[in-house]
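Summary of the model geometry
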Amino acid sequence: MVRTFRFVMFVTLWLAAATSAAAQAVRLTSKEAKNHVGEKATVCGKVAGIHFVSSGKGQPTFIHFDEPYPDQIFTLVIGGATGRSLAALKRSTEPKIYA
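These numbers were taken from a predicted model, which means no experiment stands behind them.

Cut-offs and rules
- Residues numbered from 1 in each chain as written.
- Predicted model: local features only at pLDDT ≥ 70, side-chain atom pairs only at ≥ 80, totals over all residues.
- Heavy atoms only, no water.
- Core = buried A, V, L, I, M, F, W, Y, C linked by side-chain atoms within 4.5 Å.
- Buried < 20%, exposed > 50% of the residue type's maximum accessible area, 1.4 Å probe, protein only.
- Helix = DSSP H or I, 4+ residues; strand = E, 2+ residues; numbered from the N terminus.
- Pairing = 2+ DSSP bridges.

**A short note on the nonpolar core**
The tendency in soluble globular proteins is for nonpolar side chains to be buried as a group. Counting eight residues, the largest nonpolar core consists of Ala33, Val43, Val47, Ile50, Ile63, Phe65, Leu76 and Ile78. Contributing elements (two or more residues each) for this core: β2 (41-52), β3 (61-65) and β4 (74-78). Broken down by element, this core gets its largest block of residues, three residues, from β2.

**Things to note about unusual backbone geometry**
For the bond from Tyr69 to Pro70, the omega torsion is 10 degrees, close enough to zero to count as cis. Examined against the element boundaries, Pro70 turns out to sit in the loop between β3 and β4. Of note, the phi angle at Gln59 is positive, near 45 degrees, even though the residue is not glycine. Structurally, Gln59 is set in the loop between β2 and β3.

**Regarding the pairing of β2**
Of the pairings in the sheet, the one linking strand β1 (residues 26-29) to β2 comprises four bridges and is parallel in character. Among the inter-strand pairings, Val26 is bridged to a residue of β2, identified as Ala41. For β2 and β3, the ladder comprises five bridges, and the chain directions are antiparallel. Bridging across to β3, Ile50 finds its partner in Ile63.

Any functional reading would require information that these geometric values do not contain.
Here you go:
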């Protein structure tokens, strides 16, 4: 219980910090992101699926936006321990994320 609470607090603070740091960055929907490759922006969307690859190089976590794989609109790839921690979003109902 304490571990879950700490994780939730970590993710909340991390997302709050990332959101405030990026407050002046351009905000895009997941559909708009394809037109802004190479630019610095915040992509916003509903998490439609999360896949953690424990056997892959760097143990990546794939977070699919708006539509589940293989029809995802945008995919955020996070490596290592951070990705494993964010995989807990699977337990959330209607999670929304800003990346």
